Amino acid sequence: MAAVPSKNQAELLLKVQEAIKASLPDKALADTVKSEVNHAMGADSEPDSLKEMHDGIVYKFLVNGEWRVSTSGRTIQNLTPYDETVCYEVQACTREEIDEAYTSAHAAQRVWAKTPLWKRAELLHKAATVLRQYASLIATPVLREVGKNRKAARDEVVRTAELLDYAAEEGLRINGEVLASDAWVGQKRNKLAIVERVPVGVVLCIPPFNYPINLCGSKIGPALIAGNAVVVKTPTQGAVSTLHLGAAFKIAGAPPGLVNVVTGKGSEIGDYLVQHPGANLISFTGGSTGIDVSKKAGMVPLQMELGGKDACIVLPDADLDLASSAIVKGGFSYSGQRCTAVKIVFATAEIADALLEKVLAKMAKLTVGHPEDNVDITAVINRKSADYIESLVKDAEKKGAVLTTPYTRVGNLIHPLIIDHVKEDMKIHWEEPFGPVLPFVRVADATDAVALANKSSMGLQGCVFTQDINRAILVANELAAGTVQINGPPARGPDHFPFTGFKDSGIGAQGIKYSIESMSKVKSFVINLPEAAHPQGH
């Protein structure tokens with residue numbers, strides 16, 4: 001936990017805070033300073049606007065602008081990943097409450113669609129300001145629910161604020177076009193098509209546990225600026241973090257019903273949400289569950305980002321210091337619980353030993369422990385995940401793979417591990433561990449590496465390390481992945497970059513501009529003129 005200063009230190013911090021605040025013209029920046037000082041003093045002060053969303057550790061859900069307790073009378077307990085104690089409880093929403101969420105969203109959307117773009121942008125900017133103001137406070141549920149260290153948790157909140165600001169500005173630049181009929185052979189210029197992008201209606205947003213605020217914000221921001229309303233289904237683990245994003249929009253002045261956030265187990269309400277006639281588009285981020293969602297959605301448009309088996313290919317001429325740093329960062333950041341983590345390394349035989357030596361040396365410097373200590377490796381999300389990761393390790397070891405360090409697990413905390421000499425008959429060669437365990441495969445050449453990578457059913461991202469840019473482009477073109485990083489690890493972002501997956505890794509594109517386009521429809525109005533009209537220059 002953060003060290004609590006002495007009384008004299010606290011008084012000094014307050015004086016520094018006021019001095020800095022007086023010189024800051026931006027209230028949001030001033031409030032951010034206040035929040036940071038309060039956290040340093042161990043005295044984060046929760047405002048009344050956030051207090052109303054919970055009673056102790058029991059949190060409410062948000063429908064039609066009101067925080068509510070479910071009529072089901074049931075709550076769902078969330079356990080901390082690191083010691084499996086109860087950190088929060090959230091409501092088990094009923095089908096009737098989901099119906100109300102959709103009804104209120106549609107009513108709000110009809111008004112919101114007529115709201116000027118600058119007013120829509122204003123709401124996003126205000127919500128971003130709220131997130132910055134309470135970044136340190138909101139980081140706490142992220143730390144407790146999903147086990148990120150405090151710095152990473154706070155960074156996620158701030159990154160989401162930046163995303164909302166960018167979405168607000170990008171939405172102002174999404175324009176339609178005018179088409180003239182005489183561009184088609186044999187036609188006169190007597191028809192003009194005015195082409196616009198219009199909202200789809202209500203977007204069902206389903207974010208994952210690993211980025212419960214950022215990957216929800218990446219859905220809500222583009223949806224709202226495009227003129228839609230949203231119903232958010234929180235991840236079960238990470239629900240309170242996502243609820244705080246809903247609170248940010250409520251505090252910012254979102255009209256009732258524009259942003260609704262419901263909670264509950266996916267196994268109980270998931271099908272009802274995705275098959276509900278009120279859903280006009282589904283934006284889902286997660287794993288293989290998304291494939292079931294897509295099958296059940298029918299004709300509803302989809303924006304899906306699913307799992308990845310992101311391959312890292314290291315060629316003989318690669319900068320091994322650069323490659324090894326990228327492998328450790330890409331493979332072990334947030335304990336490997338990222339869709340864009342390096343999930344498998346393909347190293348050509350002549351440099352495999354040298355690369356592995358460098359990777360192990362850097363991996364040995366990673367810190368392991370409790371998220372409050374800002375360590376690199378923290379516990380994975382739950383016992384089920386830890387057990388699954390362990391099963392992959394044991395399967396590989398049984399079939400002849402080499403564990404480069406002893407397998408170490410304490411509860412849900414798994415120490416970082418490289419598994420060398422992984423072969424195709426091992427489950428970890430194909431399955432996504434979603435943890436700090438990385439398979440290392442030795443290949444003959446780039447062709448061999450690409451062939452093995454492309455056998456995967458997933459194709460989210462990949463990366464290739466070589467100092468020959470021509471070879472890099474050739475390899476990148478052959479990889480069946482939505483994004484290929486050259487001389488860098490896989491990454492989702494910056495958030496305005498396109499983000500898409502091939503095969504079982506997704507449908508459609510994300511990234512702010514691409515999400516706005518996905519969350520809107522093309523509509524045209526054709527003006528039929530009595531005679532051909534040609535604009536004249538003078």
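Above this text sits the structure in question.
**Q** Go over the side chain of Thr234 with me, naming the residues and quoting the values.
**A** Mapping Thr234 onto the fold places it in the loop between strand E10 (229-233) and helix H9 (239-252). We classify Thr234 as buried; its relative accessible area is 1%. Thr234 has contacts with Ala239, Thr242, Val261, Val262 and Thr263, leaving out every residue within four places of it along the chain.

**Q** Break down the pattern of salt bridges for me, citing the residues and quoting the values.
**A** The tally for this structure, following the rule as stated, stands at 25 salt bridges. Between Asp165 and Arg132 there is a salt bridge, with its nearest N and O atoms 2.8 Å apart. Of this pair, Asp165 sits in helix H7 (residues 150-171) while Arg132 sits in helix H5 (residues 117-133), and the two are 33 residues apart along the sequence. Owing to a relative accessible area of 19%, Asp165 belongs among the buried residues under this scheme. Here Glu432 ties to Lys343 by a salt bridge, and the two come within 2.5 Å at their closest N and O atoms. Taken together, the residues Glu432 in the loop between strand E19 (417-420) and strand E20 (437-443) and Lys343 in the loop between helix H12 (320-332) and strand E15 (344-348) connect sequence positions 89 residues apart. Each of the two residues, Glu432 as well as Lys343, counts as buried. One network of salt bridges, with partners in common, ties together Glu66, Arg68 and Glu100.

**Q** So what's going on with the nonpolar core? Residues and values would help.
**A** Counting 94 residues, the largest nonpolar core has Leu204, Ile220, Leu224, Val230, Val231, Phe249 and Leu258 as its most contacted members. In this structure Ile220 touches Cys205, Val230, Val232, Leu245 and Phe249, once residues within four positions along its chain are discounted. Phe346, Leu403, Val437 and Val450 belong to the second largest nonpolar core, which has 32 residues in total.

What counts and what doesn't
Residue numbering note: each chain is counted from 1, following its sequence as written. In keeping with the model being predicted, local features are shown solely for residues with a pLDDT of at least 70 and side-chain atom pairs are shown and tallied solely at 80 or more, while totals for entire chains, interfaces and linings include all residues. Only heavy atoms go into the side-chain values, all of them from the structure, while hydrogens and water stay out. Strands are runs of DSSP state E lasting at least 2 residues, helices are runs of H or I lasting at least 4, and numbering of each runs from the N terminus. Three labels apply to residues, based on accessible area from a 1.4 Å probe with only protein chains included: buried if under 20% of the type maximum, exposed if over 50%, partly exposed otherwise in between. Working rule for contacts: check all heavy atoms of both residues, and any pair within 4.5 Å makes them a contact. Between Lys or Arg on one side and Asp or Glu on the other, a salt bridge is scored when a side-chain nitrogen of the former is within 4 Å of a carboxyl oxygen of the latter. Definition of nonpolar core: a set of buried residues of the types Ala, Val, Leu, Ile, Met, Phe, Trp, Tyr and Cys, connected through side-chain atoms within 4.5 Å.

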